[in-house]
Amino acid sequence: MSKRIDVKDLNVYYSKFLAVADVNINIEAKSVTAFIGPSGCGKSTFLRTLNRMHEVIPGARVEGEVLLDGDNLYGPGVDPVTVRSQIGMVFQRPNPFPTMSIRDNVLAGVKLNNQRISKGEADALVERSLQGANLWNEVKDRLGKPGSGLSGGQQQRLCIARAIAVEPQVILMDEPCSALDPISTLAIEDLINELKDQYTVVIVTHNMQQAARVSDKTAFFNIAGTGKPGRLIEYGDTHTMFSNPTEKATEDYVSGRFG
Amino acid sequence: MTTTSLTTSRGAGRAGDKVFSAATLAAGCLILAVLFGVAIFLVIQAFPALVASPDKIQGGEGFFAYIWPIVIGTLIAAVIALVIATPVAIGVALFISHFAPRKLASGLGYVIDLLAAIPSVVYGAWGAAFLAKEISPAYNWLANNLGWLPIFQGPASATGKTILTAGIVLSVMVLPIITSLSREIFLQTPKLHEEAALALGATRWEMIRMAVLPFGRPGIISAVMLGLGRALGETMAVALVLSSGVLTASLIQSGNQTIAAEIALNFPEASGLKVNTLIAAGLVLFVITLGVNMIARWIISRHKEFSGAN
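Let me sum up the structure you'll find in this document. (Residues numbered from 1 in each chain as written. Chains lettered and ligands numbered in written order. Predicted model: local features only at pLDDT ≥ 70, side-chain atom pairs only at ≥ 80, totals over all residues.)

Side note on the overall build of chain B
In step 1: A count of helical and extended segments in chain B gives 10 helices and 0 strands.
In step 2: From first element to last, N terminus to C terminus, chain B shows the α and β order α-α-α-α-α-α-α-α-α-α.
In step 3: Each of the three principal axes of chain B carries a C-alpha extent, and together these read 90 × 55 × 35 Å.
In step 4: Within the span of chain B, comprising 310 residues, buried residues form 38% of the whole. (Helix = DSSP H or I, 4+ residues; strand = E, 2+ residues; numbered from the N terminus. Buried ≥ 20, exposed ≤ 12 C-beta atoms within 10 Å, placed from the backbone.)

As structure tokens, then:
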């Protein structure tokens with residue numbers, strides 16, 4: 001159910017501005033990969049190119065290849081809508097649909113992808129997805145209530161439930177804990193650990209302890225200066241990246257000497 | 001280090017605060033007073049017509065018999081206008097906010113706003129002199145092919161000056177109101193929710209159905225109600241376009257009348273009880289508009305929990 005991602009010579013542009021340059025990275029299936037780096041280094045931009053969400057921004061485009069188990073996301077005839085239904089995304093701020101109930105939020109993506117679903121199947125899927133997001137016990141008595149009434153951490157787990165309900169190959173997370181308190185953050189981190197049994201997870205984070213706690217591999221992005229493109233500096237096992245990195249810049253960053 | 005005691009206050013700033021709050025209070029009271037004054041005027045002036053013996057009222061059968069056909073006529077014209085204008089307006093607003101390239105969008109928005117700047121008498125003249133004539137063949141077709149429906153019963157008016165034509169002219173007039181309000185609402189849809197839908201694999205249209213329209217729903221209702229207010233009260237265009245008469249089910253025959261046009265056409269020559277009758281008609285229109293607005297508020301508040309405002 002989960003697939004690997006291989007990125008070859010990827011450049012990301014905003015109109016003429018080169019935002020991220022020459023990224024080559026291989027992300028294993030059923031693993032957690034963390035992207036770290038200072039603000040503005042292009043890690044979120046790069047993450048968005050992995051499910052073509054950058055196309056929402058006018059003028060954004062890429063050169064190069066992103067292969068999902070060998071299939072190029074940017075190949076001719078590939079529909080971004082199909083790409084996104086296979087590569088889900090969780091955002092920085094929790095964004096459940098405010099006009100929908102908790103139940104409808106979980107089912108939102110499923111109703112798009114396969115229009116007809118029986119009530120029994122829907123109930124089972126809602127329970128399974130919410131269980132998968134460690135939220136079931138907290139919301140099982142109020143599935144008909146609006147999702148916006150939950151706490152921030154619960155909303156974020158609802159968004160994760162919504163993402164896994166469509167059974168994607170990969171889940172991308174763009175700083176999923178940056179708007180949450182430490183306890184909710186811990187809940188999400190536990191969840192990420194469980195998710196990797198079934199999914200390929202890629203997470204952008206500003207929190208290096210978080211990267212060290214949750215990820216198998218870590219990629220460090222950096223930017224040479226304002227107006228210069230962000231680059232992938234180093235990529236390796238998380239343990240090595242934090243204890244014995246090859247690059248000086250990585251060592252400076254993970255030890256807190258800059259950024 | 002300067003010492004500032006808690007009891008010293010910035011005198012000038014406080015005075016400004018007081019003046020401002022008094023000014024806003026006065027403005028708030030003024031608007032209530034005006035509304036109340038209008039209502040009182042209408043009730044007092046309408047009273048003689050409401051209690052007059054039936055044979056003294058125009059038509060000779062009392063105020064109720066006089067007013068209800070034109071109430072129905074008013075509602076028919078307004079409903080036709082909204083049925084035509086609402087889908088078009090929402091479509092145009094969505095096109096401007098989510099589909100059109102940016103340059104085209106701003107130009108198109110400007111043109112729509114210009115439509116609102118055209119005086120209603122110009123719309124009336126256009127409807128009477130041009131649209132009515134051009135559209136009458138279509139009415140003949142409707143009468144021949146759908147004549148079994150009471151609303152399209154023939155014979156169609158030869159001049160085309162019917163309630164349907166008036167409704168179409170009204171729809172063009174309310175279109176810019178609904179469009180520009182809806183467009184503003186659609187543009188305010190949080191990016192967060194649009195991206196949530198897209199990231200689930202929604203197409204653009206599905207994203208609009210999942211995120212934009214539910215978010216904009218209260219705004220759309222308000223916009224439609226404002227449009228309805230305009231359609232109910234529009235006078236000049238209807239007076240010029242409609243060849244009025246008794247209440248008729250068929251929309252393509254001449255006949256029917258709206259309250260506003262009835263008042264405008266009869267007021268100049270009216271005297272005595274006739275004036276009271278017309279003002280009573282105005283009171284009825286006032287009550288209808290008030291009722292419509294209250295219903296709209298109720299519809300909006302019914303879904304408050306899911307509005308996203310919490």
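A few points about the overall build of chain A
In step 1: When helices and strands are tallied, chain A shows 10 helices and 10 strands.
In step 2: Computed over C-alpha atoms, the radius of gyration of chain A comes to 18 Å, within 12% of the 18 Å expected from 2.2 N^0.38 for 259 residues, which places it in the range of a compact globule.
In step 3: Projected onto its principal axes, the C-alpha coordinates of chain A cover approximately 55 × 45 × 30 Å.
In step 4: Residues classed as buried in chain A amount to 49% of the 259 residues present.
In step 5: The long-range share in chain A, meaning contacts at least 24 apart out of those at least 6 apart in sequence, stands at 70%. (Rg over C-alpha atoms; globule rule 2.2 N^0.38 Å. Contact = placed C-beta atoms within 7 Å.)

Here we look at the packing of helix α2 (residues 63-99) of chain B against helix α7 (residues 204-233) of chain B
All names here are of chain B.
In step 1: Contact pair α2 / α7: the axes reach a minimum separation of 9 Å and the direction vectors enclose 145°. The two elements α2 and α7 meet at a crossing, and its hand is right-handed. Contacts from Thr74, Ala77, Ala78, Ala81, Leu82, Ala85, Thr86, Ile90, Leu94 and His98 in α2 reach Arg204, Ile208, Val212, Ile220, Val224, Gly227, Leu228, Ala231 and Leu232 in α7.
In step 2: Class assignment for the residues of the contact of α2 with α7 results in 14 nonpolar, 4 polar and 1 charged. (Axes fitted to C-alpha atoms, helices over the stretch in contact; angles between N-to-C directions. Left-handed = near helix turned anticlockwise from the far one by under 90°. Nonpolar A, V, L, I, M, F, W, Y, C, P; charged D, E, K, R; others polar.)

Points about the pairing of strand β2 (residues 17-27) of chain A
Residue and element names in this part refer to chain A.
In step 1: As paired strands, strand β1 (residues 5-14) and β2 are joined by 7 bridges and run antiparallel to one another. Each residue of the ladder has a partner; that of Leu10, found in β2, is Val23.
In step 2: Once β1 ends, the chain turns through 2 residues before running back antiparallel as β2, passing Ser15 with a positive phi of about 50°.
In step 3: When β2 meets strand β10 (residues 230-237), the two strands line up parallel, connected through 2 bridges. (Pairing = 2+ DSSP bridges.)

Let's talk about the interface of chain A and chain B
In step 1: Facing the 23 residues of chain A at the interface are 20 residues of chain B.
In step 2: Of all the secondary-structure elements, those providing two or more residues to the side of chain A that touches chain B are α2 (80-86), β6 (87-90) and α3 (102-113) of chain A.
In step 3: No other element matches the 4 residues that α3(A) contributes to the side of chain A that touches chain B.
In step 4: Of the residues in the side of chain A that touches chain B, the class split is 11 nonpolar, 9 polar and 3 charged.

Describing the sheet that holds strand β5 (residues 71-72) of chain A
All names here are of chain A.
In step 1: Ordered by their spatial adjacency, 10 strands build an open sheet running β5-β4-β1-β2-β10-β9-β3-β8-β7-β6, and the pairing between neighbours is mixed. Strand pairing shows two members of the sheet lacking a second neighbour, β5 and β6, which therefore form its edges.
In step 2: Packing against the sheet, helix α6 (residues 152-165) makes contact with β6 and β7 (170-174), and its axis sits at approximately 175° to β6.

Brief notes about unusual backbone geometry
Residues and elements named next belong to chain A.
In step 1: We note that Lys30 has phi near 50°; this positive angle belongs to a residue other than glycine.
In step 2: Summarising the element assignment, Lys30 is placed in the loop between β2 and β3 (32-36).
In step 3: The backbone of Asp69 shows a phi angle near 50°, a positive value even though the residue is not glycine.
In step 4: Here Asp69 lies in the loop between β4 (60-68) and β5.
In step 5: Among the residues examined, Asp69 registers 11 C-beta atoms within 10 Å and is labelled exposed.

Quick word on helix α5 (residues 163-187) of chain B
In step 1: Compared with the 36 Å implied by 1.5 Å per residue over 25 residues, the 35 Å span of α5(B) between its first and last C-alpha is a close match.
In step 2: Most of α5(B) sits inside the fold, with 22 of its 25 residues counted as buried. (Expected span 1.5 Å × (residues − 1).)

Examining the pairing of strand β8 (residues 200-204) of chain A
Residues and elements named next belong to chain A.
In step 1: Across the 5 residues of β8, 5 count as buried, placing the element largely inside the fold.
In step 2: By the alternation rule, side chains of β8 split into Thr200, Val202 and Val204 and Val201 and Ile203, which are all buried.
In step 3: Pairing analysis gives 4 bridges linking β3 to β8, with the strands arranged parallel. Considered in β8, the bridge of Ala34 is made with Ile203.

Side note on the environment of A:Gln156
All names here are of chain A.
In step 1: Position of Gln156 relative to the elements: it lies in helix α6.
In step 2: Taking the number of C-beta atoms within 10 Å as the measure of exposure, Gln156 has 30 and is therefore buried.
In step 3: Spatially, the C-alpha atoms of Gln156 and Lys228 are 33 Å apart, while their sequence positions differ by 72 residues.
In step 4: In this view, Gln156 contacts Pro94, Pro176, Leu180 and Ile188; residues no more than four positions away in its chain are not counted.

Things to note about the nonpolar core
In step 1: In this structure, A:Ile171 and B:Ala77 are the most contacted members of the largest nonpolar core, which totals 152 residues.
In step 2: Ranked by residue count, the leading element in this core is α2(B), at 16 residues.
In step 3: Excluding residues that lie within four positions of it along the chain, B:Ala77 makes contacts with B:Ile163, B:Ala166, B:Gly167, B:Leu170, B:Ala231, B:Val238 and B:Thr258. (Core = buried A, V, L, I, M, F, W, Y, C linked by C-beta atoms within 7 Å.)

Describing the environment of B:Val246
Residues and elements named next belong to chain B.
In step 1: Relative to the elements of secondary structure, Val246 occurs in the loop between α8 (236-241) and α9 (259-266).
In step 2: On the basis of neighbour counts, which here come to 10 C-beta atoms within 10 Å, the residue Val246 falls in the exposed class.
In step 3: Sequence separation of Val246 and Gln188 is 58 residues, and the distance between their C-alpha atoms is 46 Å.
In step 4: Residue contacts for Val246: discarding those within four places in its chain leaves Pro69 and Gly255.

A word on the packing of α2(B) against helix α10 (residues 273-302) of chain B
Residue and element names in this part refer to chain B.
In step 1: At their nearest, the axes of α2 and α10 sit 11 Å apart, and the two run at 50° to each other. Comparing their axes, α10 and α2 come out oblique. Like other packed secondary-structure pairs, α2 and α10 cross with a definite hand, here right-handed. Taking contact as the criterion, the partners of Phe63, Tyr66, Ile67, Ile70 and Val71 in α2 are, on α10, Thr277, Ala280, Ala281 and Val284. (Parallel < 35°, antiparallel > 145°, perpendicular 65-115°, else oblique.)

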